[in-house]
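If you want the building blocks of each chain, they are given just below.
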Amino acid sequence: MEKFTFFWRTQSPFSQWHSCRFVIDGNVFNCAEQYMMYMKASIFEDAEIAEKILASRSPSDQKKLGRSVKNFKAYQWQQACKKIVYDANYAKFTQNPELKHALLATGGTTLVEASPDDKIWGIGLAEEHPHARNRRTWRGTNWLGEILTTLREDLIKEK
């Protein structure tokens, strides 16, 4: 039977909102959400929002700013967003050894974002929900969990 490592809250090292420092292309980020929203603004050439996202220290504000990106096209974002989230998390986990250790410690499990509110990046269910234990009964796609599971396997191969 498939085993899961559930996460959701900001305190979890697997959360996009988990506070940590990493650098990509000379820019310093304070969480994976910040990089994701910065890249969203960059893809759609909204330099003003991109700068505001870089200046923000709050993941909640970063997400709000990301929702205000001008010229946003959902289909274009869907084509790019998974690689962006992978890249953010690759930097996050490879530049922070304690976080990498936590990720590698989940070996043999599928990471699952047990967000009751998110049906795209999460499963649309809380960890305590009886349907959370069976991927066939999830209400969401678990994109973040799948990306992190893939990343973990890629890091193991790099060793």
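Residues numbered from 1 in each chain as written. Predicted model: local features only at pLDDT ≥ 70, side-chain atom pairs only at ≥ 80, totals over all residues. Heavy atoms only, no water.

The protein goes by NADAR domain-containing protein in an unreviewed UniProt entry, where it is assigned to Paenibacillus marchantiophytorum.

A separate point is the overall build of the protein. In terms of helices and strands, the protein carries 6 helices and 4 strands. In sequence order, the secondary structure elements of the protein are arranged as β-β-β-α-α-α-α-α-β-α. Expressed as a percentage of the 159 residues in the protein, the buried residues total 48%. In the protein, of all internal contacts separated by at least 6 residues, the share reaching a separation of at least 24 is 61%. Approximately 8,500 Å² of the protein is accessible, and the part contributed by carbon and sulfur atoms is 52%. Of the side chains in the protein, 23 bear a positive and 19 a negative charge, and the two mean positions are spaced by 4 Å. (Helix = DSSP H or I, 4+ residues; strand = E, 2+ residues; numbered from the N terminus. Buried < 20%, exposed > 50% of the residue type's maximum accessible area, 1.4 Å probe, protein only. Contact = heavy atoms within 4.5 Å. Areas by Shrake-Rupley, 256 points an atom, 1.4 Å probe, with all protein chains shown as cover. Lys, Arg positive; Asp, Glu negative; His and termini not counted. Charge placed at Lys NZ, Arg CZ, Asp CG, Glu CD.)

Take the side chain of H18 next. Tracing the chain through its elements places H18 in the loop between β1 (4-7) and β2 (22-24). A residue is classified by how much of its surface remains accessible, and H18, at 15% relative accessible area, is buried. From its side chain, H18 meets the backbone oxygen of Q11 in a polar contact 3.3 Å long. Here S12 takes part through its backbone oxygen, which lies 3.2 Å from a polar atom of the side chain of H18. Residue contacts for H18: discarding those within four places in its chain leaves T10, Q11, S12, P13, N30, C31, K92 and L99. (Polar contact = N/O pair within 3.5 Å; in protein donor to acceptor, adjacent residues only side chain to side chain.)

Moving on to the UniProt feature "domain: NADAR" (unreviewed entry) in the protein. The feature "domain: NADAR" (unreviewed entry), as annotated in UniProt, sits at residues 6-155 in this numbering. Strand forms 8% of residues 6-155 and helix 48%; the C-alpha atoms that close the span are 20 Å apart. (UniProt positions renumbered as here; feature names shortened; annotations may be inferred.)

A word on the pattern of salt bridges. Between side chains of opposite charge, a pair can form when the charged atoms approach closely. Summed over all chains, the structure comprises 7 salt bridges. A salt bridge links R135 to E146, with the nearest nitrogen and oxygen atoms 3.3 Å apart. One end of the pair, R135, is in the loop between β4 (110-113) and α6 (143-158); the other, E146, is in helix α6, with 11 residues separating them in the sequence. We classify E146 as partly exposed; its relative accessible area is 29%. Three or more residues are tied together by salt bridges with common partners; here these are E2, R135 and E146. (Salt bridge = Lys/Arg side-chain N within 4 Å of Asp/Glu carboxyl O.)

The side-chain alternation of β4 yields two buried faces, one formed by T110 and V112 and the other by L111 and E113. Examined bridge by bridge, β1 and β4 share 4 bridges and lie parallel to one another. Each bridged residue has a counterpart across the sheet, and for F7 the counterpart in β4 is E113. (Pairing = 2+ DSSP bridges.)

Here the largest pocket defines a volume of roughly 730 Å³. Lining of the largest pocket is provided by 26 residues; of these, E33, K63, R67, D118 and W121 occupy positions nearest its centre. A class-by-class count of the residues in the lining of the largest pocket yields 12 nonpolar, 5 polar and 9 charged. (1 Å grid on protein atoms, 1.4 Å probe; cavity = no way out; pocket = protein on both sides within 12 Å on 5 of 7 lines; lining within 4 Å. Points joined across faces, edges and corners; volume = space filled by probe spheres on them. Nonpolar A, V, L, I, M, F, W, Y, C, P; charged D, E, K, R; others polar.)

A few words on the packing of aromatic side chains. Tallied over the entire structure, the rule returns 10 aromatic pairs. When the centroid spacing of 5.7 Å and the interplanar angle of 50 degrees are considered together, the rings of F4 and F6 count as tilted. Across this residue pair, the class does not change: F4 and F6 are buried. Centre to centre, the rings of F22 and F29 are 5.7 Å apart; their planes meet at 25 degrees, and the pair counts as stacked. F29 matches F22 in its accessibility class, with the two residues each being buried. Each member of the aromatic cluster is reached from another via a ring pair, and the members are F22, F29, Y35 and Y38. The ring of F72 carries K40 above its face, with NZ or CZ at 4.6 Å from the centroid. Note that K40 overlies the ring of W77, its terminal NZ or CZ placed 5.8 Å from the centroid. (Phe/Tyr/Trp six-rings, centres within 6.5 Å; stacked < 30°, edge-to-face > 60°. Lys NZ or Arg CZ within 6 Å of the ring centre and 35° of its normal.)

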